[in-house]
Amino acid sequence: MSEQETLGLAEEFARYRRTALAEVEAPGPAAVRRTVRGRSRRRLGATATTALALFGGSAIGYAAMTGPDHQPGPVDPTPSVSASPTPSQTPSPSGTSASPTAPVPDGRISRAQLLGASVTLPAWRAGRGCPTSQTRLTADDKEGANWLQALDHGDIDGDGAVETVALVQCVLGTGGPLQVVAFDRDQEGKVITLGRVVASTKDKPQWLFALDVVGDGTVRVQVGDIAPGGGWPAEWSQRQWRGYRWKGDAFAQVSGPTTFGQNPHSADVSVTTTDLVLTTADDGSRTGTATVRVRNRGSGPVAHVALRLGVPASVRPDVDGWAPCGGEPQHTSEPVTCDLGRLAAGAEVRLDLDFRVAEGVALGTGKADVVVRPMDSEFNFLLDVNDADNQVSMTYR
């Protein structure tokens, strides 16, 4: 720069100091307030610009609809904003918890899996029974074990998952009580017991034959009035299908019969007797008569009635009173047997039975059982529905 240009520039700075600095206001409260208000207006404007940039066209459109009735001017392009929402913009899921609902456990348990698991069974009825706490089911009829006879699957509690229902027997000799039990799994996959569906009883039903789970979750169980065994064929038992549903804490019967009628293979006969008092006859023997009454108390006829008298072998049937008996009672060994014929419903037969003890045979005082049993036309024993009156005791002396 030349010397002349340097002098010109210095002259200009001197003129600026003389004119501009004289008008400058010294800093004070009013100047501070003006400065703060200016900064606030600039900050508010910057914030509004940022908000409009974030909400984009939707926010501008909303302002146009709700603002004063004037036409907006041209809008400057907004800066690009990432489509990913910030944490404060992410909507919270509805409900009280953000964690997803736990899936319902699958309760479909195969036969092999159930046999391999330790399970807890509902208590067996009072009396001799089998283990119930953390026990293993067996695949066969092992004495004193819980025998898994059958199983089926279905959604029995309405939770959308399948459960398992099993028919189990406590094996005791040739019989033993039965029950149908429902099983499920917990969240860890462990087999758990949901509850008992139905169990056999000492009255009726005495037996459970089969089970079936239908589409609506009803557990159908085929029950029988009389337990097979002891000369009673299984085909003689009356059978009914009864339905049971889960009620939240237990099963209840919802369909099928609730009682049994009299079994056509059963009967109700009774017996009474007087004592046998022996006196000495002219030939030195001792004779006496006992009156035995047999009655059919049932609603149907009985083809045959078997009468058994447990008198000692030295007490033999005499001639009189034995005509209604089939066979030759005088030739039977102990006990003396008498097979009566057909006995109609409500009918009674009276037998005045004579006995004799040979001369010189010593006989003291004792008791003999007198028993009656109903039979069908093939001489198969029938079930007596009230067997308490099938046997009485007769005193002889």
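Attention here is on the structure that accompanies the text. Predicted, not measured: the structure shown is a model, and the values here were computed from it.

Conventions and cut-offs
- Residues numbered from 1 in each chain as written.
- Predicted model: local features only at pLDDT ≥ 70, side-chain atom pairs only at ≥ 80, totals over all residues.
- Heavy atoms only, no water.
- Helix = DSSP H or I, 4+ residues; strand = E, 2+ residues; numbered from the N terminus.
- Contact = heavy atoms within 4.5 Å.
- Areas by Shrake-Rupley, 256 points an atom, 1.4 Å probe, with all protein chains shown as cover.
- Salt bridge = Lys/Arg side-chain N within 4 Å of Asp/Glu carboxyl O.
- Buried < 20%, exposed > 50% of the residue type's maximum accessible area, 1.4 Å probe, protein only.
- Polar contact = N/O pair within 3.5 Å; in protein donor to acceptor, adjacent residues only side chain to side chain.
- Disulfide = S-S within 2.5 Å.
- Pairing = 2+ DSSP bridges.
- Core = buried A, V, L, I, M, F, W, Y, C linked by side-chain atoms within 4.5 Å.
- Phe/Tyr/Trp six-rings, centres within 6.5 Å; stacked < 30°, edge-to-face > 60°.
- Lys NZ or Arg CZ within 6 Å of the ring centre and 35° of its normal.
- Axes fitted to C-alpha atoms, helices over the stretch in contact; angles between N-to-C directions.

## Brief notes about the overall build of the chain
Here is step 1 of the chain: Regarding its fold elements, the chain presents 3 helices and 20 strands.
Here is step 2 of the chain: Partitioning the contacts of the chain with sequence separation of at least 6, the portion at a separation of at least 24 is 58%.
Here is step 3 of the chain: When the accessible surface of the chain is summed, it comes to about 23,400 Å², and 53% of that surface belongs to carbon and sulfur atoms.

## Some details on the pattern of salt bridges
Here is step 1 of the chain: Tallying each qualifying case throughout the model produces 9 salt bridges.
Here is step 2 of the chain: Put simply, Arg220 and Asp212 hold a salt bridge, and the shortest N to O gap is 3.2 Å.
Here is step 3 of the chain: Residue Arg220 is classed as partly exposed on the basis of its relative accessible area of 28%.
Here is step 4 of the chain: When its relative accessible area of 25% is taken as the criterion, Asp212 is described as partly exposed.
Here is step 5 of the chain: Here Asp283 and Arg356 are joined by a salt bridge, their closest N and O atoms 3.5 Å apart. Here the residue Asp283 occupies a position in the loop between β12 (279-280) and β13 (286-296), and Arg356 occupies one in strand β17 (residues 348-357), the gap between them amounting to 73 residues.
Here is step 6 of the chain: Judged by its relative accessible area of 48%, Asp283 falls in the partly exposed class.
Here is step 7 of the chain: One connected set of salt bridges, linked through shared partners, spans Asp283, Asp318 and Arg356.

## Considering the side chain of Ser266
Here is step 1 of the chain: By the secondary structure assignment, Ser266 is in strand β10 (residues 266-267).
Here is step 2 of the chain: Separated by 2.6 Å, the side chain of Ser266 and the backbone oxygen of Asn263 make a polar contact.
Here is step 3 of the chain: Ignoring sequence-local partners within four residues, the contact set of Ser266 consists of Trp232, Leu382, Leu383 and Val385.

## A short note on the state of the cysteines
Put plainly, a disulfide is one covalent bond tying together the sulfur atoms of two cysteines.
Here is step 1 of the chain: Taken as a whole and judged by the stated rule, the model has 2 disulfides.
Here is step 2 of the chain: Paired through a disulfide, Cys325 and Cys338 show a sulfur-sulfur distance of 1.8 Å. Judged by the sign of its S-S torsion, about -90°, the cystine formed by Cys325 and Cys338 is left-handed. Linking Cys325 in the loop between β15 (315-317) and β16 (336-340) with Cys338 in strand β16, this pair joins segments that are 13 residues apart in sequence.
Here is step 3 of the chain: Judged by relative accessible area, which is 0%, Cys338 ranks as buried.

## Overview of the sheet that holds strand β1 (residues 137-138)
Here is step 1 of the chain: Spatial ordering of the open sheet is given by β1-β2-β3-β4-β5, a layout of 5 strands whose pairing is mixed. Bordering the open sheet on either side are β1 and β5 (191-199), each of which pairs with just one other strand.
Here is step 2 of the chain: In this sheet, β5 lies alongside strand β4 (residues 178-185) in antiparallel orientation, the contact comprising 7 bridges. Paired with Ala182 across the strands is Gly195, a residue of β5.

## Details of unusual backbone geometry
Here is step 1 of the chain: Residue Pro205 follows Lys204 across a cis peptide bond; omega there is 5°.
Here is step 2 of the chain: With respect to the helices and strands, Pro205 occurs in the loop between β5 and β6 (207-213).
Here is step 3 of the chain: Its identity is not glycine, yet Gln134 carries a phi of approximately 45°, on the positive side.
Here is step 4 of the chain: Locating Gln134 in the fold gives a position in the loop between α3 (111-115) and β1.
Here is step 5 of the chain: The phi dihedral of Phe379 is positive, around 65°, even though this residue is not glycine.
Here is step 6 of the chain: Mapped onto the secondary structure, Phe379 falls in the loop between β18 (366-375) and β19 (383-384).

## Quick look at the nonpolar core
Here is step 1 of the chain: Core analysis: the biggest nonpolar cluster contains 35 residues, and Val292, Val294, Leu309 and Phe355 have the highest contact counts within it.
Here is step 2 of the chain: For this core, the elements supplying multiple residues, two or more each, are β11 (269-273), β13, β14 (304-309), β16, β17, β18 and β20 (391-396).
Here is step 3 of the chain: By residue number, the principal contributor to this core is β17, which donates 5 residues.
Here is step 4 of the chain: The next biggest cluster of nonpolar side chains, apart from the first, holds 20 residues, and it includes Val213, Trp246, Phe251 and Phe260.

## Focus: the packing of aromatic side chains
By convention here, two paired aromatic rings are described through the distance between centres and the angle between planes.
Here is step 1 of the chain: On inspection of all chains with the given rule, the structure shows 3 aromatic pairs.
Here is step 2 of the chain: Look at Trp322 and Phe355: their rings are 5.4 Å apart centre to centre, the planes differ by 85°, and that puts the pair in the edge-to-face class. A residue pair is termed long-range when its members are at least 10 positions apart, and Trp322 in the loop between β15 and β16 and Phe355 in strand β17 qualify at 33 residues. Accessibility assignment for this pair places Trp322 and Phe355 in one class, buried.
Here is step 3 of the chain: Cation over ring: Arg220 sits above Trp241, and NZ or CZ is 4.4 Å from the ring centre.

## With respect to the sheet that holds β14
Here is step 1 of the chain: Pairing is antiparallel in the open sheet, where 4 strands are placed in the order β16-β14-β18-β20. Strand pairing shows two members of the sheet lacking a second neighbour, β16 and β20, which therefore form its edges. Averaged over all adjacent pairs, the angle separating strand axes in this sheet is 20°, with direction ignored.
Here is step 2 of the chain: By the bridge criterion, 5 bridges tie β14 to β16 in an arrangement that is antiparallel. Bridging across to β16, Val305 finds its partner in Leu340.

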